[in-house]
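Descriptive analysis of the structure
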Amino acid sequence: MTMPLTVTFPRTKPSPWLEEEIRAKVERLHALCDDILSCRVVVDIPHRHHQRGNRFSLRIELAVPGEDLAITRDANLHAAVKDSEETSWAKRFDVEATQRDIRLVVGEAFDAAKRRLKDYSQVRRREVKRHA
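A brief structural summary. Just so we're clear, the structure is a prediction, and the values are computed from it rather than from any experiment. (Residues numbered from 1 in each chain as written. Predicted model: local features only at pLDDT ≥ 70, side-chain atom pairs only at ≥ 80, totals over all residues. Heavy atoms only, no water.)

**Concerning the overall build of the protein**
The condition that has to hold: Helix numbers and strand numbers start at the N terminus; a helix is a DSSP run of H or I with at least 4 residues, a strand a run of E with at least 2. Buried residues are those whose accessible area, probed at 1.4 Å on protein chains only, stays under 20% of the maximum for their type, while exposed residues exceed 50% and partly exposed ones sit between those limits. Contact definition: two residues touch when any of their heavy atoms are within 4.5 Å. Each accessible area value is a Shrake-Rupley result obtained with a 1.4 Å probe; residue values ignore everything except the protein chains displayed when judging cover.
For the protein, the count of helices and strands is three helices and six strands. Scanning the protein from its N terminus toward the C terminus, one meets helices and strands in the order β-α-β-β-β-β-β-α-α. For the protein, with 132 residues in total, the buried portion stands at 34%. Relative to all contacts within the protein whose residues are 6 or more apart in sequence, the contacts with residues 24 or more apart total 54%. Carbon together with sulfur atoms contributes 49% to the accessible area of the protein, which is approximately 9,200 Å² in total.

**Topic: the sheet that holds strand E3 (residues 57–64)**
Note the threshold: Strands are treated as partners if at least two bridges between them are detected by DSSP. Axis definition: a line fit to C-alpha positions, over the contact stretch in the case of helices; interaxial angles, taken between N-to-C directions, run 0 to 180 degrees.
Read across the open sheet, the four strands follow the order E1-E2-E3-E4; overall the sheet is mixed. The open sheet has two edge strands with one neighbour each: strand E1 (5–8) and strand E4 (67–73). When the angles between neighbouring strand axes are averaged without regard to direction, this sheet yields 10°. Bridge count for E1 against strand E2 (residues 38–44) is four bridges, and the pairing is parallel.

**Topic: the pairing of E4**
In the sheet, E3 pairs with E4 via seven bridges, with the strands oriented antiparallel. Bridge assignment links isoleucine 60 to a residue of E4, and that residue is isoleucine 71. What sits between the antiparallel neighbours E3 and E4 is a turn of two residues, in which glycine 66 has the positive phi angle 90°.

**Examining the environment of phenylalanine 9**
Position of phenylalanine 9 among the secondary structure elements: in the loop between E1 and helix H1 (16–32). Residue phenylalanine 9 is classed as buried on the basis of its relative accessible area of 12%. Along the chain, phenylalanine 9 and valine 43 lie 34 residues apart, while their C-alpha atoms are 5.1 Å from each other. With near-sequence residues (within four places) excluded, phenylalanine 9 lies in contact with Pro14, Ser15, Leu18, Glu19 and Val43.

**Topic: the nonpolar core**
Here is the rule: For our purposes a nonpolar core is just a set of buried Ala, Val, Leu, Ile, Met, Phe, Trp, Tyr and Cys residues, chained together by side-chain atoms within 4.5 Å.
If you look at the biggest cluster of nonpolar residues, it comprises 30 residues, and the most contacted ones within it are Ile22, Val41, Leu58, Ile60, Leu62 and Phe110. When residues of this core are traced back to their parent elements, those giving at least two are E1, H1, E2, E3, E4 and helix H3 (102–124). Among the elements that line this core, the one with the most residues is H3, at nine residues. Setting aside chain neighbours within four positions, we find phenylalanine 110 in contact with Ile22, Lys25, Val26, Leu29, Val41, Leu58 and Ile60.

**Describing the pattern of salt bridges**
Once the charged atoms of two side chains with opposite charge are near each other, the side chains can pair. How we decide: A pairing counts as a salt bridge when a side-chain nitrogen of Lys or Arg comes within 4 Å of a carboxyl oxygen of Asp or Glu.
Using the criterion set out here, one finds six salt bridges in the structure. Of the charged contacts in the structure, one is a salt bridge between arginine 11 and aspartate 44, with a shortest N-O distance of 3.8 Å. With a gap of 33 residues between them, arginine 11 in the loop between E1 and H1 and aspartate 44 in strand E2 connect regions that are remote in the sequence. Here arginine 11 falls in the partly exposed class, since its relative accessible area comes to 44%.

Right, dumping it as structure tokens:
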């Protein structure tokens with residue numbers, strides 16, 4: 001049985017190689033958990049004003065029996081700024097290098113989806129004790 005998969009690019013041009021990579025990663029998720037009823041992936045560029053590269057946003061919505069799992073990964077605007085005296089967190093206008101490449105954002109999002117599906121499967125098999 002094949003599950004319905006929808007890949008959309010609302011504010012970007014559809015990319016065949018990216019869609020093929022997403023389909024391969026969804027197949028791996030389906031091999032991990034057969035309970036997936038449907039999957040919807042949205043690849044977007046949330047803000048059109050940028051100075052250095054695009055900031056990609058990826059949303060994965062998985063429908064499983066009894067629950068809907070949603071995973072969102074956006075470009076990170078917070079990075080460590082190293083001072084000579086101490087390390088502090090500050091908002092920067094430059095996107096981290098790891099978030100500029102869409103392949104890394106997709107990989108990170110699907111890793112998070114894999115973890116969420118594993119947690120869901122453990123609860124479903126009653127391997128996790130519930131608090132009273």
